[in-house]
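The residues making up each chain are set out below.
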There are 2 protein chains.
Amino acid sequence: MYRTHNCGELNINNLNQNVTLAGWVQKSRDLGGMTFVDLRDRYGITQLVFNSETNKTLADQAQKLGREFVIQAAGKVIERESKNAKNPTGEIEIEVSELNILNASKTPPFTIETESDGGDELRMKYRYLDLRREPLQQNIALRHRLSVETRKYLDAQHFFEIETPFLIKSTPEGARDFVVPSRMNKGQFYALPQSPQTFKQILMVSGYDRYFQIVRCFRDEDLRADRQPEFTQIDCEMAFVEQEDILQTFEGLVRHLFKTVKGIELPEFVRMPYSEAMEKYGSDKPDLRFGMEFVDFTTLGQGKGFKVFDSVEAILGINASGCANYSRKELDALTDFVRKPQIGANGLVYVKCNEDGTFKSSVDKFFNQAQLAEWAEKAGAEKGDLLLLLAGDKAKTQKQLNELRLEMGNKLGLRDKTVYAPMWVLDFPLLEWDEDTKRFYAMHHPFTSPKPEDIPLLTENPGKVRANAYDMVINGVELGGGSIRIHDKEVQKNMFTLLGFSDEEAQAQFGFLMNAFEYGAPPHGGIAFGFDRLCAMFGGHDSIRDYIAFPKNNSGRDLMIDSPSVISTEQMVELGLDYRTES
Amino acid sequence: MYRTHNCGELNINNLNQNVTLAGWVQKSRDLGGMTFVDLRDRYGITQLVFNSETNKTLADQAQKLGREFVIQAAGKVIERESKNAKNPTGEIEIEVSELNILNASKTPPFTIETESDGGDELRMKYRYLDLRREPLQQNIALRHRLSVETRKYLDAQHFFEIETPFLIKSTPEGARDFVVPSRMNKGQFYALPQSPQTFKQILMVSGYDRYFQIVRCFRDEDLRADRQPEFTQIDCEMAFVEQEDILQTFEGLVRHLFKTVKGIELPEFVRMPYSEAMEKYGSDKPDLRFGMEFVDFTTLGQGKGFKVFDSVEAILGINASGCANYSRKELDALTDFVRKPQIGANGLVYVKCNEDGTFKSSVDKFFNQAQLAEWAEKAGAEKGDLLLLLAGDKAKTQKQLNELRLEMGNKLGLRDKTVYAPMWVLDFPLLEWDEDTKRFYAMHHPFTSPKPEDIPLLTENPGKVRANAYDMVINGVELGGGSIRIHDKEVQKNMFTLLGFSDEEAQAQFGFLMNAFEYGAPPHGGIAFGFDRLCAMFGGHDSIRDYIAFPKNNSGRDLMIDSPSVISTEQMVELGLDYRTES
């Protein structure tokens with residue numbers, strides 16, 4: 001061992017001990033004959049001191065240490081003159097008697113500090129240096145802790161962690177697969193799993209009862225800001241359960257994680273049907289840290305001669321409490337906000353509920369005070385409140401108003417990062433109609449079970465069928481989702497038909513699962529959590545990238561190792577592959 | 001929940017309780033108006049009983065239950081008339097009052113019993129049924145338990161589990177990579193990792209100090225009997241350590257696993273240099289459960305007119321204690337054994353040390369009694385022992401005699417599966433010379449550090465340089481191996497040169513690691529354990545396949561999902577790939 005202690009553990013109780021530390025030079029400074037060096041490792045920072053009067057050679061050596069040099073230093077623990085209460089080692093320092101440079105360092109291309117001066121691309125390229133920064137070290141430690149506690153909880157609940165294969169089979173349904181050419185079976189490919197979905201269902205058929213896995217998954221999608229081509233799931237499945245069992249078990253998991261990792265006792269999980277979430281918040285992942293529920297003004301707003309309102313499907317609004325004093329400029333900014341292309345509303349109607357009991361709106365031409373008073377009453381608005389209304393196609397308006405609601409939540413400081421509002425969204429629609437391809441798609445995936453009472457609707461009105469599906473949402477972030485699965489071969493077959501699979505296609509892609517269902521499949525269901533997202537939420541950040549040790553950029557590249565890259569012609573020949581020529 | 005209890009937990013203490021169980025019908029039998037059904041789940045088997053006198057409808061229903069039907073049964077726990085002491089639930093049975101068929105089953109294509117009547121291929125195809133068999137359920141449970149205890153130990157030792165990427169970069173060194181075409185970067189490929197080697201070293205450079213990961217790795221090799229294209233490693237790395245620290249830490253891990261999972265206190269780990277292992281056992285993974293060390297007869301055997309001996313580099317033998325009474329037939333069988341093509345010896349010389357003090361050998365023509373007595377003395381052989389000698393090229397003879405030694409160990413019952421002889425093999429050669437390509441290859445991998453005292457030999461006699469490398473071996477099985485790494489850029493560069501890399505090649509493939517070494521790389525080292533192999537050893541089996549939930553066959557195919565398979569032309573076009581046409 002190159003050290004007797006780490007850089008985070010020595011304190012006043014270790015006075016006069018002879019110790020050896022090893023680590024990186026965080027910084028050094030010379031002060032009148034004394035050289036002070038901050039030595040850093042994963043555990044903390046300890047101050048080394050060199051006195052040029054008592055040992056000039058050593059002090060000279062110390063003065064030449066550059067940032068990020070790796071050194072080993074032996075000496076005695078002494079009390080500091082000027083103590084640093086913020087640092088656990090801040091009461092002591094090491095009077096160094098022996099110094100050993102283990103490795104030198106070039107000057108890093110950016111500062112290794114909590115706030116670095118390096119740009120994103122540069123820090124991605126030198127990820128090994130970026131990973132030395134304390135915030136990232138904390139993120140990686142947090143991720144480890146979350147994985148430990150997840151496993152502890154699930155193991156105690158008799159779940160087995162079972163590894164499923166990575167070299168599986170490509171299925172056209174869903175997102176695009178990454179594929180892996182097979183050399184031994186030329187012309188054929190494996191695919192990397194988008195999730196272990198079918199395998200975990202197979203494990204239920206095999207009688208394993210309670211399965212989980214913290215597992216890498218892969219999706220070859222055009223990357224949006226916060227997507228990664230490879231990501232990690234906490235993937236779980238249980239047999240002989242109903243929806244209620246799953247909700248209890250995994251509410252328990254997340255409760256355990258908050259308690260053990262953050263010391264927070266979560267409040268009760270709200271349970272809300274999808275339809276209610278859409279009506280009240282215009283979102284299937286509402287942020288319940290604040291109210292500001294949607295109010296339907298369609299009836300009140302129509303038939304009064306305001307054409308914009310009269311021609312639309314829905315007029316929806318929110319009550320921004322205490323915002324009646326918003327200036328023209330502030331209101332214009334909100335209008336600009338909803339008109340942004342990514343939101344896409346045409347305009348915004350406001351009604352100020354003045355302190356004197358009158359109303360001032362942007363539609364005063366069409367609505368008199370009594371009518372506006374009816375609006376205020378419907379919205380439960382009081383003096384000093386501000387109503388904000390959007391109108392149009394119902395689904396679109398819901399989506400737009402959701403964005404406005406969240407924006408107002410931000411403005412009013414209602415989205416406190418230290419407050420957690422957990423919920424389950426339940427009873428999702430089983431199917432989504434796609435206008436372009438004129439067919440239904442599975443909202444969750446084709447293995448999701450319809451609610452038994454809705455099964456008759458499957459033929460009459462498939463779009464109305466609700467699924468035994470559920471999402472866990474905290475503070476507007478979807479942490480996980482799952483469903484009770486179909487375990488009957490006939491129902492599964494009908495589902496594939498409804499989704500436009502021919503019998504041959506269904507058999508070719510999922511034949512093994514349907515065959516398995518013929519040999520005694522138990523009722524089962526499960527859930528998967530986005531582990532990267534979970535880590536980011538626990539860390540209090542929105543972006544997952546800094547919770548992944550080696551992430552890829554938005555073009556799917558690893559800038560550090562410079563990958564993907566070309567392979568040799570020999571490799572291409574062995575795989576029986578050639579580059580496609582345009583023709 | 002479909003059940004109040006599982007099928008393994010009810011016993012005499014639950015008498016008269018009303019319970020509900022769910023599971024699979026293992027078997028059923030009708031005995032004079034009574035129907036008995038063995039209900040099975042992951043936890044055990046509980047007997048259900050149906051009485052046709054008290055409830056004829058229910059009993060009729062029960063009689064129709066087929067093997068592997070999934071049922072739910074409610075009833076009362078009663079005491080059995082004929083108890084089964086071997087089964088934890090064997091004192092009770094359930095008097096069923098309600099029966100619910102959750103899913104029917106076709107007759108399985110093979111028996112779901114400890115010993116199945118199904119062939120390998122059939123069981124691979126119906127893996128979901130094979131996985132229901134008790135031995136496989138135990139294997140999967142064991143694997144889970146080993147992963148839990150591995151993580152518990154390493155977490156307590158302050159290791160972080162850090163996930164490294166799967167989509168990395170192809171490197172021609174070592175085994176063949178599986179590659180993944182990139183759609184977003186056409187003409188370029190990712191590679192799947194053969195191990196996270198470079199990433200774990202990068203993590204040490206980043207200051208993470210103690211890393212581990214239970215992680216899938218990939219090798220596109222022609223599969224031998226017990227190889228899988230994807231396999232799992234316990235991958236570990238530590239910074240600021242010397243070899244001794246690694247040995248202590250991971251001896252501790254394996255000791256912990258044996259103690260917690262098998263209740264076995266391992267004996268002290270023998271430490272043996274590679275050279276000694278080769279001299280004494282002809283193997284770098286000797287089975288130390290028994291002695292039978294090699295004896296060098298080269299000097300004694302040469303110059304006596306026996307041409308076969310006179311012309312060879314080495315004459316090596318073992319003393320098979322108590323085997324002087326072997327018959328002609330038994331000796332012929334041993335000769336046949338060493339002549340098998342996979343062993344390849346030309347013949348076998350034996351010397352029987354008779355009970356009367358005389359010797360009888362297959363080379364009596366060339367060696368007299370006094371000379372044979374010298375052999376016996378050299379081998380420490382006593383009356384009743386049998387010497388077995390092979391001759392030829394030294395390295396080949398060592399290998400052949402190793403096989404013979406293991407065979408004799410088997411014959412003599414010296415390889416007891418309940419006895420464990422753990423060891424470290426140390427000081428491996430750094431490089432291996434390859435006659436075909438006339439160059440050195442890294443024996444471990446190109447990041448392995450030479451022993452400091454051997455560094456001068458790197459230029460004079462590279463083949464003699466020993467590495468700071470170590471393997472953990474138990475009972476002749478290599479469980480893991482690792483090394484202290486190079487952490488100096490210049491040494492690493494020289495190593496690449498020695499291995500025939502041009503500067504450009506080294507930079508293109510490992511530039512990021514060498515660059516990282518310029519910014520303060522600490523001394524570091526690590527180890528990786530083959531997790532599949534570890535599970536098989538703990539389970540007492542030689543084959544890893546039944547310790548993997550979904551293994552591939554020897555052609556790299558998953559017979560259950562029928563993969564690899566062809567992909568669509570659209571997928572090929574998107575990837576910019578075409579099939580290579582022979583020309």
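Note that the structure is a prediction, hence the values are computed from the model and not measured. (Residues numbered from 1 in each chain as written. Chains lettered and ligands numbered in written order. Predicted model: local features only at pLDDT ≥ 70, side-chain atom pairs only at ≥ 80, totals over all residues. Heavy atoms only, no water.)

In this section: the pairing of strand 14 (residues 349–353) of chain B. Residues and elements named next belong to chain B. Among the five residues of strand 14, five are classified as buried, and the element is accordingly described as predominantly covered. The alternating pattern of strand 14 places Val349, Val351 and Cys353 and Tyr350 and Lys352 on opposite faces, both of which are buried. As judged from the four bridges shared by strand 14 and strand 16 (residues 386–392), these two strands associate in the antiparallel manner. Residue pairing for strand 16: Lys352 is matched across the bridge by Leu386. Sheet topology places strand 14 next to strand 15 (residues 359–361); three bridges connect them, and they run antiparallel. Bridge pairing links Lys352 to Lys360 in strand 15. The turn joining strand 14 and strand 15, which pair antiparallel and follow one another in sequence, is formed by five residues; a positive phi near 90 degrees is taken by Gly357. (Buried < 20%, exposed > 50% of the residue type's maximum accessible area, 1.4 Å probe, protein only. Helix = DSSP H or I, 4+ residues; strand = E, 2+ residues; numbered from the N terminus. Pairing = 2+ DSSP bridges.)

Another point: the environment of Ser321 of chain B. Residues and elements named next belong to chain B. One can find Ser321 in the loop between strand 13 (314–320) and helix 10 (328–339). Sequence spacing of Ser321 and Lys451 is 130 residues, and the spatial spacing of their C-alpha atoms is 39 Å. Residues in contact with Ser321, not counting those within four places in the same chain, are Asp385 and Leu412. Polar side-chain contacts of Ser321 include one of 3.4 Å to the side chain of Asp385. (Contact = heavy atoms within 4.5 Å. Polar contact = N/O pair within 3.5 Å; in protein donor to acceptor, adjacent residues only side chain to side chain.)

Note on the copies: chain A fits chain B at an RMSD of 0.1 Å, the axial shift is 0.0 Å, and the rotation between them is 180 degrees. Given the turn and translation reported, the copies of this chain are related as if by a two-fold rotation axis. (Least-squares fit on C-alpha atoms with pLDDT ≥ 70 in both.)

Moving on: the domain arrangement of chain A. Parsing chain A into structural domains produces domain 1 (12–103), domain 2 (137–272 + 421–569) and domain 3 (290–411). Here the C-alpha centroids of domain 2 of chain A and domain 3 of chain A sit 38 Å apart. (Domains from an automatic or database assignment.)

Attention now moves to empty space enclosed by the protein. Per the counting criterion, the structure on display carries 10 cavities of 30 Å³ or more. Size it by volume and the largest cavity reaches roughly 360 Å³. As for the largest cavity, its lining consists of 26 residues, and the residues nearest its centre are Arg151 and Ile214 of chain A together with Arg151, Ile214 and Val215 of chain B. Within the residue set of the lining of the largest cavity, elements represented by two or more residues are helix 4 (134–156) and strand 9 (210–218) of chain A together with helix 4 (134–156) and strand 9 (210–218) of chain B. Here the residues of the lining of the largest cavity are counted per class, giving nine nonpolar, seven polar and 10 charged. (1 Å grid on protein atoms, 1.4 Å probe; cavity = no way out; pocket = protein on both sides within 12 Å on 5 of 7 lines; lining within 4 Å. Points joined across faces, edges and corners; volume = space filled by probe spheres on them. Nonpolar A, V, L, I, M, F, W, Y, C, P; charged D, E, K, R; others polar.)

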